[in-house]
Amino acid sequence: QVQLVESGGGLVQPGGSLRLSCAASGSIFSINAMGWYRQAPGKQRELVAAITSGGSTNYADSVKGRFTISRDNAKNTVYLQMNSLKPEDTAVYYCNFVVSDPAGYEYDYWGQGTQVTVSS
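Every chain begins its residue count from 1, and numbering advances along the sequence as written. Only residues with pLDDT of at least 70 get local features here, since the model is predicted, and only at 80 or more are side-chain atom pairs given and counted; chain-wide, interface and lining totals rely on the full set of residues. Heavy atoms from the whole structure form the basis of all side-chain values; hydrogens and water molecules are not counted.

1. Considerations on the nonpolar core
No. 1: W36, L80, M82, Y93 and F97 are the most contacted members of the largest nonpolar core, which totals 31 residues.
No. 2: Helical segments are the DSSP runs of H or I of at least four residues, strand segments are the runs of E of at least two, and each set is numbered from the N terminus. Within the residue set of this core, elements represented by two or more residues are β1 (2-7), β3 (18-26), β4 (30-39), β5 (46-52), β7 (67-72), β8 (77-82), β9 (91-100) and β11 (114-118).
No. 3: By residue number, the principal contributor to this core is β9, which donates 5 residues.
No. 4: Excluding residues that lie within four positions of it along the chain, L80 makes contacts with L18, R19, L20, W36, V48, A49, F67, T68, I69 and Y93. Residues belong to one nonpolar core when they are buried, are Ala, Val, Leu, Ile, Met, Phe, Trp, Tyr or Cys, and are joined through side-chain atoms within 4.5 Å. Burial here depends on accessible area, computed with a 1.4 Å probe over protein chains only, as a share of the maximum for the residue type. Under 20% is buried, over 50% is exposed, and the range in between is partly exposed. Note on contacts: a residue pair is in contact if any heavy atoms of the two residues lie within 4.5 Å.

Next up, the structure:
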């Protein structure tokens, strides 16, 4: 089993910054990809940013140029640096790890979610 623990959410004014962290622990053979998703009230969960084991990144158009995803392989941790935050970034943010076992089977794991609120 793998456990993901998120931190870093909170209340911030428009134009401000926050940094989210998500650390994985447990039985981890290989992490294939890490990502951040968000879900606003009444909306579907959407991909915000993702990073592969090779370092390739992918961002939602709405956050390009403002958010940066990064990882620390030694710590099994993924980060999301969020700058120039807007009220429409308000949502619960979830981290996601795609982990494979020695046989090559992949498993999805999710963090518990952290609230980000952008408001004056």
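Still to come is the rest of the account.
2. A short note on the pattern of salt bridges
No. 1: A pair is scored as a salt bridge if a Lys or Arg side-chain nitrogen falls within 4 Å of a carboxyl oxygen belonging to Asp or Glu. Scanning all chains against the criterion turns up 4 salt bridges.
No. 2: R38 is the partner of E46 in a salt bridge, and the nearest nitrogen-oxygen pair spans 2.7 Å.
No. 3: Given a relative accessible area of 35%, E46 falls into the partly exposed group.
No. 4: Among the ionic contacts, a cluster of salt bridges with common partners joins R38, E46, R66 and D89.

3. Description of the sheet that holds β1
No. 1: Paired strands, as defined in this entry, are two strands with at least two bridges between them according to DSSP. Here we have 4 strands laid out as an open sheet, ordered β1-β3-β8-β7, and antiparallel in their pairing. If you trace the sheet from one side to the other, it starts and ends with β1 and β7, each paired once. Taken over all neighbouring pairs, the strand axes of this sheet differ in orientation by 15 degrees on average, direction set aside.
No. 2: Bridge count for β7 against β8 is 6 bridges, and the pairing is antiparallel. Along β8, the bridge assignment pairs F67 with M82. Think of each axis as a best-fit line through the C-alpha atoms, taken over the contacting stretch in the case of a helix, with angles from 0 to 180 degrees between the N-to-C directions.

4. Examining the pairing of β4
Regular strands place side chains that alternate from one sheet face to the opposite one.
No. 1: Across 9 bridges, β4 lies against β9 in antiparallel orientation. Bridge pairing in β9 links S30 to S100.
No. 2: Sheet topology note: the β4/β5 ladder contains 6 bridges and is antiparallel. Note on β5: the bridge partner recorded for A33 is T52.
No. 3: The hairpin turn running from β4 into β5, its antiparallel successor, is 6 residues long, and G42 in that turn takes a positive phi close to 80 degrees.

5. Side note on the state of the cysteines
No. 1: The disulfide criterion used throughout: a pair of cysteine sulfur atoms within 2.5 Å. A complete count under the given rule lists 1 disulfide for this structure.
No. 2: Linked covalently through their sulfurs, C22 and C95 form a disulfide whose S-S length is 2.0 Å. Negative torsions about the S-S bond denote left-handed disulfides, and the value of about 45 degrees found for C22 with C95 makes this one right-handed. Note that C22 is positioned in strand β3 and C95 in strand β9, a separation of 73 residues in sequence. Exposure class is identical for C22 and C95. Each is buried.

6. A few points about unusual backbone geometry
No. 1: The phi angle at N76 is positive, at roughly 50 degrees, despite the residue not being glycine.
No. 2: Tracing the backbone through its elements, the reader meets N76 in the loop between β7 and β8.
No. 3: On the accessibility criterion, N76 (23% relative accessible area) is partly exposed.
No. 4: Residues other than glycine seldom take positive phi values, yet S84 does so here, at roughly 50 degrees.
No. 5: One can find S84 in the loop between β8 and β9.

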